[in-house]
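Fold and geometry: a report
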Amino acid sequence: MSKYVSDLMAMVKAKNPAEPEFHQAVQEVAESLLLVLDKHPEYRSAKILERIIEPERLIMFRVPWVDDRGEVQVNRGFRIEMNSAIGPYKGGLRFHPSVNLGILKFLAFEQVFKNSLTTLPMGGGKGGSDFDPKGKSDNEVMAFCQSFMCELFRHIGPDTDVPAGDIGVGGREIGYMFGMYRKLRNEFTGVLTGKGLNWGGSLIRPEATGYGAVYFAQEMLSTRNDSLKAKTCLVSGSGNVAQYTVEKLNHLGGKAVTLSDSNGFIHDPEGISPEKLAFVMDLKNVRRGRIKEYADKFKGAVYAAIDPKADHSPLWNIKAQCAFPSATQNEINAKDAQNLVQNGVFVVSEGANMPTVPEGVNIFVDKKILYGPGKAANAGGVSTSGLEMSQNSMRLAWSREEVDAKLHDIMKRIHKACVEASAAYGTAGNYVNGANIAGFLKVANAMMDQGIV
Ligand code: NDP
C-alpha cells in the first residue's frame, strides 16, 4: 500500500472506528485514485478526497412505533447526506436489522461516485433503519414508515435530498412514506423515487437495477465480440434486483439457474423460465415467502440451506459463465471468487453494492475477467430514479419504451466512461479503476469550482 493510502486509511479508521464496510469502500477508491492524484496534485492539495470521505451532514433519529400487540417498539433512523456538489443528495433507504452507521456510510460514499457516473445531476446520500420488515404485518410496516417520515421529512425535499428504495424498501414502503410526507408538507412533489405509477412513479424504475446490470454485462461481453446468448448465469438474492436480472437474462437468451435469500439458495439447471419467475415474484412480492418453496414447486430444482459456518457459498461453486451477485455486501469471499473463476465464470456484473470482498476483487482483476463493480453495473436503478425526477419536474410521463431506451443508453455511456478512464490512466480493461476515476473526476472538478465549502 502506498504511504498516501496508508496515512489516509489510518486517519479514516481513527475518525470512524468500528465501521469496517466504510473503511473497505474508502480504501478501494483511494487505491484507484492514486493514479489521478499523482497526475493532478491540485486535487491532493485541495484535499478533495479527504473532503468527499467526510459526510456533509449525518442525521440520526429515534423511530418509535406501536406493534399489533400494542407494544411500543423503538428503532433507529439514519440519513447520510454525503455530497451535493453535482446535485441534490440521492440514494436509497435500507430497512434491515444489520443496518448501522458504518454500512450506510459505505453505501453513501459509493453512491457519490455511482451517481456521478450516471451523467445525471445527482449528489450522493443513503439512509435507512435497523427495522426488519420481514414477518411484520402491513399495519406494522405502515406504522413504522409513518414514524420514520415524521422525522425525515424536515431534512429532505425535491431540490435537497431525494431518497429511494433499497433492501427491505419497495413500492409498499415508499407509498407509506410518501403519504406521510405529503400530509406533513401539504405538497405533492417528487421527493421520493420508486413511487407507484399512478402517483408520480416512472415506468421501468422497478426493473431498472436488474436490467441495467444485465445491459452492463452485455456491454462488457461486446468488447470480446461475445454475448449473453446461451450463457449459464448465477444470480443471488431473490428481491427486486435479482428478479429483474433474471427477467432481462431471459429476454437476451441467457439462462439464470440460481436464486437465494438469507436462509438458502435454489439451483434449477433447466433455467428459471418466465413462468417460474412469475412464481418467484408472487412468492416474494405478494406472499412474502421463502425461496425454499421454489424447489417444492418445481421438480428438478434443488434447495440448500445456508451453512453460516461454511468457508464458502456453494451457490458460487456451480459451473457457469456469468455471475450477477444481487443480494448484499461481501457475499462473495476470496474462496468464492476463486471457485467462480475455476468453474468458468468470466463475467461478473454486480447488481448488489460491494458484494465482493477486496481479495475477491483482486482475483477477478488479476485473472482479467470481465468484472463490473457495483458502482457502475448497478447504476441503472439510480439513473432511472433520475429519470423519474425529470418526469416529475416536467409533470409528464414517458412510455416504457422511452425509459428503457434511455436506461440502456445510460448503461452504455457508463460502460464507455469506465473503459476510457481506465485506459487513460494506464490500466485498460480494469473497470474498478475506470469507475472510481470517472466517477471521481466530475465530482472533484465541481468541488474545485465551488471552493472550500
Ligand atoms: P430486496 O430487499 O428486494 O432483496 C434483497 C435480497 O437479498 C433478498 O432476497 C434478501 O433475502 C437477500 N439478502 C439481503 N440481505 C441479506 C443477507 N445479509 N444475507 C443473505 N441474503 C440477504 O433488495 P434489492 O434487491 O433492492 O437490493 C439487493 C442489493 O442491490 C443490495 O445490495 C442493494 O444495495 C443493491 N441495489 C439495489 C438497488 C435498487 O434499485 N433496489 C439499486 C442499486 C443497488 P431475505 O429476503 O431473506 O432478506
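Residues numbered from 1 in each chain as written. Predicted model: local features only at pLDDT ≥ 70, side-chain atom pairs only at ≥ 80, totals over all residues.

For the rest of this paragraph, the subject is the nonpolar core. In this structure, Ala 217, Cys 233, Leu 234, Leu 259, Ala 323, Val 347 and Ala 376 are the most contacted members of the largest nonpolar core, which totals 103 residues. Among all residues touching Ala 376, those that are not within four sequence positions of it are Leu 117, Phe 216, Ile 414, Cys 418, Tyr 431 and Ala 435. (Core = buried A, V, L, I, M, F, W, Y, C linked by C-beta atoms within 7 Å. Buried ≥ 20, exposed ≤ 12 C-beta atoms within 10 Å, placed from the backbone. Contact = placed C-beta atoms within 7 Å.)

Close contacts around the ligand come from 21 residues, with Gly 239, Asp 261, Ser 262, Ala 352 and Gly 381 the closest. Tallied by class, residues from the shell around the ligand come to four nonpolar, 15 polar and two charged. Each of domain 2 (55–188) and domain 3 (208–368) gives at least three residues to the shell around the ligand. (Near = placed C-beta within 6 Å. Nonpolar A, V, L, I, M, F, W, Y, C, P; charged D, E, K, R; others polar. Domains from an automatic or database assignment.)

Let us now look at the pairing of strand β5 (residues 161–164). Here β5 shows a buried face lined by Asp 161 and Pro 163 and a second buried face lined by Val 162 and Ala 164. As paired strands, strand β3 (residues 89–95) and β5 are joined by four bridges and run parallel to one another. Across the sheet, the residue bridging to Gly 92 is Ala 164, located in β5. (Helix = DSSP H or I, 4+ residues; strand = E, 2+ residues; numbered from the N terminus. Pairing = 2+ DSSP bridges.)

With that out of the way, let us pick up the sheet that holds strand β9 (residues 264–267). Overall, antiparallel pairing links the three strands, which are arranged β8-β9-β10 in an open sheet. The open sheet has two edge strands, β8 (258–260) and β10 (302–305), and neither has a second partner. Within this sheet the neighbouring strands show an average axis-to-axis angle of 20 degrees, counted without direction. (Axes fitted to C-alpha atoms, helices over the stretch in contact; angles between N-to-C directions.)

With that settled, the discussion passes to helix α10 (residues 274–286). Helix length check: α10, at 13 residues, gives a terminal C-alpha distance of 17 Å against a target of 18 Å (1.5 Å per residue), a fit within 8%. Restricting attention to buried positions, one finds in α10 the residues Lys 276, Val 280 and Lys 284. One side of α10 carries all its buried residues, which in axial view fall inside an arc of 60 degrees. α10 presents Pro 274, Glu 275, Ala 278, Asp 282 and Val 286 as exposed residues on the side facing more than 90 degrees away from its buried surface. Structurally, α10 contributes buried residues whose contacts are with α9 (240–251), β8 and α11 (292–297). Arg 288 sits one or two positions beyond α10 and adopts a positive phi of about 50 degrees. (Expected span 1.5 Å × (residues − 1). Arc of directions from axis to C-beta.)

With 15 residues, helix α15 (residues 380–394) should cover 21 Å at 1.5 Å per step; its first-to-last C-alpha distance of 21 Å lies within 8% of that length. The buried fraction of α15 amounts to 12 of the 15 residues, a majority that puts the element mostly inside the structure. Among the residues making up α15, those that are buried are Gly 380, Gly 381, Val 382, Ser 383, Thr 384, Ser 385, Gly 386, Leu 387, Glu 388, Met 389, Gln 391 and Asn 392. The inward-facing, buried residues of α15 contact β3, α5 (101–117), β5, α8 (205–222) and α16 (400–424). Just downstream of α15 lies Arg 395, where phi reads positive at about 55 degrees.

Take the domain arrangement of the protein next. Domain parsing of the protein yields domain 1 (1–54 + 428–453), domain 2 (55–188) and domain 3 (208–368). Between domain 1 and domain 2, the C-alpha centre-to-centre distance is 26 Å. On the side of domain 2, 16 residues touch domain 1, which itself brings 21 residues to the contact. Looking at the side of domain 1 that touches domain 2, the elements with two or more residues in it are α2 (20–39) and α17 (431–450). The greatest single-element share of the side of domain 1 that touches domain 2, amounting to 10 residues, is contributed by α17. Considering only residue class, the side of domain 1 that touches domain 2 consists of 13 nonpolar, four polar and four charged.

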